Each structure stands twice: as structure tokens, then as C-alpha cells.
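Structural overview
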Amino acid sequence: MPDILLLLAHPDLQHSRVHAALRAALQPESARAGARWALRDLYALYPDYVIDVAAEQAALLPARLVVWLHPVHWYGMPPLLKLWLDEVFTYGWAYGPGGDRLAGKDLWLVASTGGTERSYRPDGHNRFFIDAFWPPYEQTASLAGMRFLPPMVLHGAHHAARQEIDEFVDMLIDRLRNWPDWPEIADLMPCIQGVAPEGERPAPGDT
Amino acid sequence: MSNWLVLTLVYLAAAVIAVPLARFAGLGSIIGYLMAGIAIGPFGLELVSDPQAMLHFAEFGVVLMLFLVGLELEPRRLWAMRHPIFGWGSVQLLGSAALLLAAALLAGVPWRLALVAALGLAMSSTAIGLAVLNERNLGGTTAGQGVLSVALLQDIAAIPILALVPLLALGGGYDDTSDPIWKEALRALGVIAAIVLGGRLLLRPMLRWIARSRTPEIFTAAALLLVVAIAALMQSVGLSMALGAFLAGVLLAESEYRRELETDLEPFKGLLLGLFFIAVGMSIDFHAVMRHPGLIVGLVAGFLLAKALVLWAMARAMPIPLAERSVFVVLLMQGGEFGFVVFQAATQARVIDGDTASLLVAVVALSMLLTPLLLLASDRWWAAHLQAHRQESAQHRIDSPQSAPVIIAGFGRYGQIVGRLLFASGMSATVLDHSADQVEATRRFGWQVYYGDATRLDLLRVAGAAQAKVLVVAIDDVEQNLALVDLAREHFPQLAIVARARNAQHWTQLHQRGVSFIERETLDSALMSGRSVLELLGIEPHRARTLAQRFRRHSVQQLLEMAPHLGDEKRLISMSKAGREQLEQLLAQERELAERTRGRSDDPSAGKAPTA
């Protein structure tokens, strides 16, 4: 079983440049025996938004690195990935009492934005640095006991040159092959699972 | 061994050997039965000596068939068909009889013999017509409805014709018979009224009572008893048994037992009908044929031609779509089982002598034997003719006609929706259907349309199956549906098959053939209705959607798990029993699933993200 799980979420791959290239580059390896990673194309698996929770949890278990690949839409993840998160990261499984199945794994975000890097600045029309949009991801990882690795972002995806996209894809593959031997990982703190106080939410069986 | 054991052995063996052989040769099962009859009859191996007795017994197959036809026709639909039945039916019978009578009189035949022969030969074979409609799944087409209408009128007309035959013999004896005839008519009306009233008021409560006993074989027995009783009642007043059975069928068409009656009686009908055709094969008097070979050939050709002429004119006037006309004509042009009865009655009444009768019986039987062959010939010839015709008329647009990547076989309610989605998405498809009406509907799409039996290899080739990417098998008839899948997998392995399944059984059969895109035709619409019900009961819409989706996945999963266990052994279990058991299992597992999820579903945020 590969220990890297890639979750690709793009609602319209037919009109995508970056993610179509990502899928084309990553999928062949995923299908091979002894592959370094397994790729799950969420919009292809669940075009009707009916997620097979058991299958998704089973795919997460053997992984040590979970990668989310998605375009940034309205400063967050596409709806199917959010639904996946809602339904797969369940109470008592991913967090809460006994919810330690994801603890100790790494979570890495690989995203593309339509806006240029310049637009993600206080003087740009997106007004915030891109890092300002990651805290919900970081906290999600923390609640599940996962270590949130520094995201890898391609800006200005609409107008990126073919070569730029190819370089992005090559770099991604390179990083995947070398994980976990990344220079920045050495600097990261070991991860400690966040805990929600008791009584914050009803326990199962309460009415 | 006792005599009936030997007879059963001979009949069953002959049928089991001849029918698959005939079907394998592409001749259809009716020819197979007829051949089997000729083989074992007095002029073949002489294994059976008394074909008339068997013919009499096997006629019950025709009775059962008309009961089943009646079951398919609600009274309202029958009422709507009154014009074609009485109008076109009368045109066919009287027109053919008049033409034949005129020809016979011109040839110098005595008028009584000419009249009896004309009336007897004007009748068509309900058994062949409806059996072919069934085998080719043509019942719903315009031609199919036309054949049914004419056959029904002939059944009704058999009564006055049989009453007329003795009158011919008596000649001047009009006074003696007027009273009994009048009384008989009254009695006949009384029996029909009793059947209609009894069917309306008594049959359903009775069937309900029997069904409550929960003994399936008794229900089957009751179904048989019902048909036998009605046949006996009709025969006792000298009416057509088949007509009575048909009436009873119509009266039960709206009842909740319709499907069950159908499945219970279907095998009896099939076997008895087979027996009937065997008996017809046996009753061809080859000695009579040998004595006057020229005369027989002339008679067969002449009366087929005369009837075909009338039918062709009718088909043009009705109108029956061009592509279906040949089927309509061929299915009604042969002589039929009522002809046998008329000739027998005429012999008894001494209107015609024994030799003439056996000659006429041989003529009718030969014409019945010819029907399937003529049908095959007309398929080939007419299809080619139409093809040429179409190409002529569509000369102005020769834009690589068969290049559509999709073939939709079956363009009824199901295939049309698939087609409309493709059309709306700017895709194009080639359509195959056996109903010219449906084919007409596709003209709006501007698509390439082929009329005919999609299970024919040559038609598939013409439609471009060798170049297409996807084959949509939307045929509603399960056997044809599977036959097409087999054909496509064998000859066009590159085609991705998207199949419509009638039910879970059919789904399994498709799955076993390696089809991966199978949809049960009612599943999704029924689930949508189920969602509406849940919503009306106060379940939030999105929750109802989730429940329905869970059920759907479970149901598909269920089928996948059961598929490997439903191998050959499944065929042994009767269809209905297997269906019932499947449903029970499904519901039990569904309840269990509901129990398991109930604990979670009471917790509104179960399985959801932490509340921030």
C-alpha cells in the first residue's frame, strides 16, 4: 500500500489547466503496482456527491501523508472536498474521544489560485496574503492530530504559461518522491492533537 | 409403458429437438413446431395416428393465449379500439371473403362450397399472428394493434359463420331453424352478460379469497380453472371459447392479480400453443396434396394473393406506417385455426364432402407453414426496399450517415429520454426501433433512424455498430434485450454497453454478461417518489435525499453480492418465486440498516464536522 494519499478535487476538470495536468501526471503512477502514491479524484468518484465514507476512511488509514490538491474557490476548498471533510472526518474517528485514526499523519495542501501573487497582498484586490486563508486548514489538521505542512501554491493559474505549469507539476512530483526528507520538515514542531473541551458538542446517543 | 406416456414422450422430444433447431436456423419457433408435427405425424414417422384429437385438445392453447391478450387490454383501451376492430376487421373479413367467393364462382365452383371455402379461408391464424407479435415484441406497434383488431373481429365473426354453415346445408329449411337460432342467440347473449357481470362482481373477490390461502399452486389451479370454466360455458352455448377467455381476460386486466395470472398461465399457454402447431403440422394430409399437387399450389397461392391484396389496401388506408406494412400483411394473409373448425362443421353438415374438406385443411395448413418463411423473406426484401427508398429520398444529405458514436436500440419511453439528453447536449445518435411510430418521432431530432429488429446482425452493421463507441440497450423486452447484448459482445467487442434492466433478475443476467453500466428502469424514479413521501412525513428534504441515496447504494451493493450465487440454479427457480424472495431479503436487510443508523440519525450533527 502506498503511504501517500492524494485527494484531487476540481469541479470542472474539462476547463482546468493546472489540475488536468496534475491528474495526467499523477494518475498513471497511482495505478501501478508498488506506486509511491494513490490518487483519488473525488469529483470523478462522487459526481452525485454521495460519498462512500467507509471507503474513504479505509483509504486514509494506510496513508502517512495526505495531500489535498484543489483550486482555491472563494478563498477556500471546493464544495465536494468540504463535504468529504464533513462526512469522512467523523467524531470518534478523526477527533473527539477515541478519534485518533489520523493522528501523526501529515496533511499537505497543494493549491492553485486564479489571482496573481501580487493580488494576494494588502494593496492587491484580494487584500490578504495567501497565508491568511490557511488557518481553518491548520486547525482542521490540528483537531485531527495531523501535522500541517507548508502549502504549495501556484498563483495566476488562468494565465500561467505551459512551462510554468510543467515546472509546478515536476516540482510536486519531486517533493512527493522525497517526502518526508524535506528541509523544512526538520524545522517543524512535532504535532500535538488539539482537544475540544467536554460538553462542547453532544455525544452520540444524547437526544 | 402406458399409451399417454409414450405420446408425451413423442411430443416433448419432437418439440425439444425441432424448436431449437429451427430457431438456430433463424426460422422462429412456430416453424419448428410445425416441422416437429410433420415429422411425427401420419405422413412422417407415423408415431401419432390421430392428429384431430390432439388438435382439439391443443386448441386450448389458443384459448389461453387470448385470455392473456385480454389481460393486457384494459376495457378502456378495448373500447377505444372498437373502430379498428369492427371497422377494419369487417373490411378484412368481408373483403377477403367476397374476393375469394367471386374468384371461386368465376372458376365454376358450386356457390355453397364457394361460400364456405371463402369464409373459412378469409380467417387468419390468431395463433400465428399473436405468437409472432409476441416473439418479435411487436404488440405495441401500429401493425401489431391492427393484427390484434382483425384477429378479434374474426373471433367474434366465427360465431355467426358457424351458425350459418348448417343453414347452407338445409337450404330451404329456414322455418325449422328460425326458432332455435333465435333462442340460441338469446342464450349466447345471456352467457356473455353473465361473464361480464360475473367478471366485474365475482372474480376479484374470489381471486382475493384464493390468494389469501397462500398456496401458490392453488392460485395457478384457480387461474386454469377460470379459463377452462369460461371456455366450457362458451362452448355449451356454441360460442367461441377463445372469445370468452378474451372477455374474461379484459375484465381482469385492471385487477391486482393481472401479473400473477400472467406468470402462472404463461408456461401452459406456450406449451399448449406449441402442441397446437404440432397438431397442425400433423394434420396436413399429404395424400390429398399428392393427389392434386397443382390444384393445391394454385389454391394456396391464389388465396394468399387475394387476401394480401385486401390487406395491402387496408394497410394503405388505415394507415399503417410504411415500414410495418409487410408484417401486417404477412401475419394476416394465411388461413387459420378457425378455418379448420369451419370446414369441420361444413363436413358434418354435409355442405362439403370429406375429400374437399381435407384438401381445404391442407391448403390452410400449408399457408400456415408458409407464414414464417414469408415473414423472413419479406423482412429481407422489404427492409432492402425501404433502405433503397430512403436513400433515394434523402439523396440531398449524404453527410457520412452512420458515423454517430452512439447507437440507441429501443426508442420507447426509456430510450427517448437517453436520446433527448444526448440531443440537448449537442450529441448525435443512431436509433434502432421496431416500431415505426417511435421511429417517426425521432425524425424531429434529424438523426439516422433504422426500423427493424435490433437483434439482427445485418441491421446492427448497417447502423454502424462496428464504428460506434457506445450501444444503449433500451429495449424493454428482456429476451430481446439480452439477445442484443450477446450479439454485441460477440461481434462488436469495442462497444461499451449501457443497458436498461427491467428488474433485479434482468440486472443480474446483464451483470453476468459482463455489462457494467446497468440501470434498473424504475429504481431512480421510485426513489424520488420515496423521497417525496419522506418529505411529506416531515423529514427534512436533504435528510430524505441522504436516506434515499443510502438505500440506493445498499440496493446496488446487494445485487452485486447476490449476483454470483444466482448462476444456473437460479433458472430452475420460477421467476416469480425468486423475485419474491429477493424482495423479502432486501427489505429485511434494509430494516437492519435502518436500525443501525437510527441511533446516529437521532443525533442531528452525527457524522458532521465539529461545531465551531
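Looking at the overall build of chain A
When helices and strands are tallied, chain A shows seven helices and five strands. The N-to-C order of helical and strand elements in chain A reads β-α-β-α-α-β-α-β-α-β-α-α. Of the contacts formed within chain A by residues at least 6 apart in sequence, a portion of 75% connects residues at least 24 apart.

Section: the overall build of chain B
Of the regular secondary structure elements, chain B holds 26 helices and six strands. Considering chain B as a whole, with its 612 residues, one finds that 40% of them fall into the buried category. Here the analysis covers contacts within chain B between residues at least 6 apart in sequence; of these, 72% occur between residues at least 24 apart.

Thoughts on the packing of helix α10 (residues 216–236) of chain B against helix α11 (residues 241–252) of chain B
Residues and elements named next belong to chain B. Look at α10 against α11: their axes get within 8 Å of each other, and the N-to-C directions meet at 135 degrees. It follows that α10 is oblique to α11 by the angle criterion. The way α10 lies across α11 gives a crossing that is right-handed. Across the interface between the two elements, L226, V227, I230, A231, L233, M234 and Q235 of α10 pack against M241, L243, G244, A245 and A248 of α11.

Considerations on the sheet that holds strand β1 (residues 4–8) of chain A
Residues and elements named next belong to chain A. The five strands are arranged β2-β1-β3-β4-β5 in an open sheet whose pairing can be described as parallel. Both outer strands of the open sheet, β2 (37–41) and β5 (147–154), are each paired with one neighbouring strand and no more. With strand direction ignored, the average angle separating the axes of adjacent strands in the sheet is 15 degrees. The pairing of β1 with β2 spans five bridges and is parallel.

Quick notes on the sheet that holds strand β5 (residues 496–501) of chain B
Two strands in a sheet stick together by hydrogen bonds in their backbones, pointing the same way (parallel) or opposite ways (antiparallel). Residues and elements named next belong to chain B. Across the sheet, which stays open at both edges, the six strands sit in the order β3-β2-β1-β4-β5-β6 with parallel pairing between neighbours. Strands with a single pairing partner mark the edges of an open sheet, and in this sheet they are β3 (448–451) and β6 (517–520). If you compare each strand with its neighbour and ignore which way they point, the axes differ by 15 degrees on average. Bridge count for strand β1 (residues 406–409) against strand β4 (residues 470–473) is four bridges, and the pairing is parallel. Its bridge partner being in β4, I408 is matched across the sheet by V472. Along the sheet, helix α22 (residues 504–512) contacts β5 and β6; its crossing angle with β6, the most-contacted strand, is approximately 175 degrees.

Here we look at the packing of helix α2 (residues 29–40) of chain B against helix α12 (residues 258–283) of chain B
All names here are of chain B. Packing of α2 against α12 leaves a shortest axis separation of 7 Å and a crossing angle of 50 degrees. Comparing their axes, α12 and α2 come out oblique. The hand of the α2/α12 crossing is right-handed. Facing I30, Y33, L34, M35, A36, G37, I38 and I40 of α2, the residues of α12 in contact are G274, F277, I278, A279, V280, G281 and M282. Classifying every residue of the contact of α2 with α12 gives twelve nonpolar, three polar and no charged.

Side note on the pairing of β4 of chain B
Judged from the four bridges that link them, β4 of chain B and β5 of chain B form a sheet pairing that is parallel. In the sheet register, L471 of chain B faces β5 of chain B, and the bridge partner there is I497 of chain B.

Quick notes on unusual backbone geometry
All names here are of chain A. Cis peptide bonds are those with omega within 30 degrees of zero, and the linkage from W179 to P180 qualifies with 5 degrees. Although it is not a glycine, Y75 adopts a positive phi angle of roughly 65 degrees. One can find Y75 in the loop between β3 (65–71) and α4 (79–88). With 13 C-beta atoms packed within 10 Å, Y75 lands in the partly exposed category. A positive phi is found at R127, a non-glycine position, where the angle reads about 65 degrees. Note on placement: R127 falls in the loop between β4 (106–112) and α5 (135–143).

A short note on the nonpolar core
Most often, soluble globular proteins keep nonpolar side chains buried together rather than apart. Residues and elements named next belong to chain B. Counting 129 residues, the largest nonpolar core has V63, F67 and A245 as its most contacted members. Of all the elements, helix α3 (residues 51–72) adds the most residues to this core, at 13 residues. Ignoring any residue separated from it by four or fewer positions in sequence, one finds F67 in contact with V227, A245, F246, A248, G249 and L265.

Let's talk about the pairing of β5 of chain A
Residues and elements named next belong to chain A. Here six bridges tie β4 to β5, and the two strands are oriented parallel to one another. Among the inter-strand pairings, A111 is bridged to a residue of β5, identified as V153. Taken together, β4, α5 and β5 constitute a β-α-β crossover, and its handedness is right-handed.

Here's the deal with α12 of chain B
The terminal C-alpha atoms of α12 of chain B, which comprises 26 residues, lie 35 Å apart, in line with the 38 Å expected from a rise of 1.5 Å per residue. Along α12 of chain B, the sharpest change in direction is near 40 degrees and occurs at L265 of chain B; proline P267 of chain B comes one to four residues later.

A few points about the confidence of the model for chain A
The predicted model of chain A averages 90 in pLDDT, with 93% of residues at 70 or higher. When pLDDT is averaged over each element of chain A, β3 of chain A comes out on top at 97 and helix α7 (residues 183–187) of chain A at the bottom at 80.

Concerning the environment of W37 of chain A
Residue and element names in this part refer to chain A. Looking at where W37 falls in the secondary structure, it is placed in strand β2. Residue W37 is classed as partly exposed on the basis of its C-beta count, with 19 C-beta atoms lying within 10 Å. With sequence-adjacent residues up to four places away left out, W37 is seen in contact with P2, I4, L6, E29, S30 and L176.

How each quantity is defined
Residues numbered from 1 in each chain as written. Chains lettered and ligands numbered in written order. Predicted model: local features only at pLDDT ≥ 70, side-chain atom pairs only at ≥ 80, totals over all residues. Helix = DSSP H or I, 4+ residues; strand = E, 2+ residues; numbered from the N terminus. Contact = placed C-beta atoms within 7 Å. Buried ≥ 20, exposed ≤ 12 C-beta atoms within 10 Å, placed from the backbone. Axes fitted to C-alpha atoms, helices over the stretch in contact; angles between N-to-C directions. Parallel < 35°, antiparallel > 145°, perpendicular 65-115°, else oblique. Left-handed = near helix turned anticlockwise from the far one by under 90°. Pairing = 2+ DSSP bridges. Nonpolar A, V, L, I, M, F, W, Y, C, P; charged D, E, K, R; others polar. Core = buried A, V, L, I, M, F, W, Y, C linked by C-beta atoms within 7 Å. Right-handed = clockwise from strand over helix to strand, strands pointing away. Expected span 1.5 Å × (residues − 1). Bend = angle between axes of the 7 residues up to and from the residue. pLDDT = per-residue confidence, 0-100.

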